[in-house]
Amino acid sequence: NTELTELISEMIKSAKEEKRVAQLLQCLDENCPITNEELMDYYKKGSLALKREILRILSERQGSGLHDFALEVLQEDTRDGRTVRLLLNNFLPGDEKILLSALKKLNVDYTDGDNWHDAFSAVLLADLTKVQVPKDVLYYIYENSLCSFCRDSALRLLVRKRWLTEDILNECLYDSNCEIRLWADKKVSKKSNKNV
C-alpha cells in the first residue's frame, strides 16, 4: 500500500549502507515513489546487488531519461535480461540492432535460465503490444531459446508476419517440441503435394 511504500522510500533515503538499500528495494515494485532520476543515481553509485534491484524496478517503467539510461547500461556490457525489458519499455525506432545485440550478450544456458528467458519473453510480449520486433530478433529467439514455448511463440510470429523461411521450416522438422515438428511436417507435406 501507499503508506508502506512511502515508509520504505524514506528508509531508503536515510539508509547509509548499500546492502540495506538493496534489501529495502526488494520490497518495492515499479510503483514505488522513488523517482527514476533518484534510482538512476543510486544505480550509478551502487554495488552489484543494488544495481540488480534498481534494474528490476526500472525495467517495468516508461519515462524520460530511461531510454538513454538503458543504452548506458547496455554499454556497460551488462548481461542482465532486465536491461532488455527496460529498453523494450522505452523502445524507439532505430533500436532494433541494439535489441539484437543485447540478446546476443545473454548467456543462454540452463544455469542462467531466468535471465535469458525473461528477456526473450519480454521481446515476444512486446511484439504483441507495441514494439515492432524485427525478423532477425525472432529468428535469433527461435534458433537459440532453450524454451519450447518461446520457440513456438517466435515461430507463430514469424508465420503471422510471413517471415518464415525454408531454412527455419526445415529446422522445425527437428525441433525438440513434438508439436512444432508435427506442424512443420504438415506444412512441408502440403508444399510437396502442391508441387506434384
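Residues numbered from 1 in each chain as written. Predicted model: local features only at pLDDT ≥ 70, side-chain atom pairs only at ≥ 80, totals over all residues. Heavy atoms only, no water.

### Some points on the overall build of the protein chain
In plain terms, the rule: Think of it this way: any DSSP run of H or I at least four residues long counts as a helix, any run of E at least two long counts as a strand, and we number them from the N terminus. In this analysis, two residues are considered to be in contact whenever any of their non-hydrogen atoms come within 4.5 Å of each other. In this count, Lys and Arg are taken as positive residues and Asp and Glu as negative ones, while His and the chain termini are left out. Lys charges are placed at NZ, Arg charges at CZ, Asp charges at CG and Glu charges at CD.
Counting secondary structure elements, the protein chain contains twelve helices and zero strands. Ordering the α and β elements of the protein chain from the N terminus gives α-α-α-α-α-α-α-α-α-α-α-α. Taking the principal axes of the C-alpha coordinates as reference, the protein chain spans close to 75 × 30 × 30 Å. Intrachain contacts of the protein chain at a sequence separation of at least 6 include 60% that bridge at least 24 residues. For the protein chain, the centre of its 29 positive side-chain charges and the centre of its 33 negative side-chain charges are spaced 5 Å apart.

### Re the packing of aromatic side chains
What counts, and what does not: Pairing of aromatic rings covers Phe, Tyr and Trp, the last counted by its six-membered ring, and requires centre-to-centre distances within 6.5 Å; plane angles under 30 degrees mean stacked, over 60 mean edge-to-face, and any other angle means tilted. For each residue, the accessible area found with a 1.4 Å probe, counting protein chains only, is set against the maximum for its type, and the residue is called buried under 20%, exposed over 50%, and partly exposed in between.
Inspection of every chain in the model, using the stated rule, returns three aromatic pairs. For the pair Y43 and F69, a centre-to-centre distance of 5.1 Å together with 85° between the ring planes defines the contact as edge-to-face. Of this pair, Y43 sits in helix α3 (residues 36-45) while F69 is found in helix α5 (residues 66-75), placing the two residues 26 residues apart along the sequence. In this pair, the class of Y43 matches that of F69, namely buried. Measuring from centroid to centroid gives 6.2 Å for F120 and Y140, while their planes differ by 85°, and the two rings are edge-to-face. Of the two residues, F120 is situated in helix α8 (residues 113-129) and Y140 in helix α9 (residues 135-144); the sequence distance between them amounts to 20 residues. Exposure remark for F120: the relative accessible area of 0% places this residue in the buried category. Residue class for Y140 comes out buried when judged on its relative accessible area of 14%. Among the aromatic side chains, those forming a connected cluster through ring pairs are W116, F120 and Y140.

### Section: the state of the cysteines
So the rule is basically this: Working definition: a disulfide is two cysteine sulfur atoms within 2.5 Å of each other.
For the structure shown, the criterion picks out zero disulfides. For C178, which is in no disulfide, the shortest distance to another cysteine sulfur is to C172 and amounts to 13 Å. Classification of C178 by relative accessible area gives partly exposed; the value is 42%.

### Some details on empty space enclosed by the protein
Formally: Cavity: a set of points on a 1 Å grid over the protein atoms alone where a 1.4 Å probe fits but cannot get out. Pocket: an open set with protein on both sides within 12 Å along at least five of seven lines, its lining residues, like those of a cavity, having an atom within 4 Å of a point. Grid points are joined across faces, edges and corners, and a volume is the space filled by probe spheres set on the points. Gly is placed with the polar residues, together with every amino acid not listed as nonpolar (Ala, Val, Leu, Ile, Met, Phe, Trp, Tyr, Cys and Pro) or charged (Asp, Glu, Lys and Arg).
According to the stated counting rule, one finds one cavity of 30 Å³ or more in the structure shown. Roughly 30 Å³ of volume is contained in the largest cavity. If you trace the largest cavity, you find it lined by L74, T78, R79, D80, T83, V84, A102, K105 and L106. When contributions to the lining of the largest cavity are tallied by element, the ones reaching two or more residues are α6 (81-89) and α7 (96-105). In terms of residue class, the lining of the largest cavity is built from four nonpolar, two polar and three charged.

### Section: the packing of α6 against α8
Put simply, the rule reads: The axes used here are C-alpha line fits, helices contributing only the stretch in contact, and every angle between their N-to-C directions lies in the interval 0 to 180 degrees. Comment on the angle field: the value is read as roughly parallel under 35 degrees, roughly antiparallel over 145, roughly perpendicular from 65 to 115, and oblique elsewhere. Handedness of a helix crossing follows the sense of rotation of the near helix relative to the far helix, less than a right angle counterclockwise being left-handed and clockwise being right-handed.
Following both chains from N to C, one finds α6 and α8 inclined at 15°, their axes separated by 7 Å at the closest point. Our classification of the angle between α6 and α8 gives roughly parallel. Here α6 runs over α8; the crossing is left-handed. Residues G81, R82, V84, R85 and L88 of α6 pack against N115, D118, A119, A122, V123 and A126 of α8. In terms of residue class, the contact of α6 with α8 is made up of six nonpolar, two polar and three charged.

### Details of the pattern of salt bridges
What counts is decided by this rule: Think of a salt bridge as a Lys or Arg side-chain nitrogen and an Asp or Glu carboxyl oxygen that are within 4 Å of each other.
By the definition in use, this model includes eight salt bridges. For E53, the salt bridge goes to R56, with nearest N and O atoms at 2.8 Å. Residue E53 and its partner R56 are both found in helix α4 (residues 48-58); the two are separated by three residues, about one turn of the helix. Between R156 and D152 there is a salt bridge whose closest N-O contact spans 2.8 Å. Of this pair, R156 and D152 both sit in helix α10 (residues 148-160), separated by four residues, roughly a single helical turn. For D152, a relative accessible area of 18% puts it in the buried group. Overlapping salt bridges bring together D127, R160 and K161 as one network.

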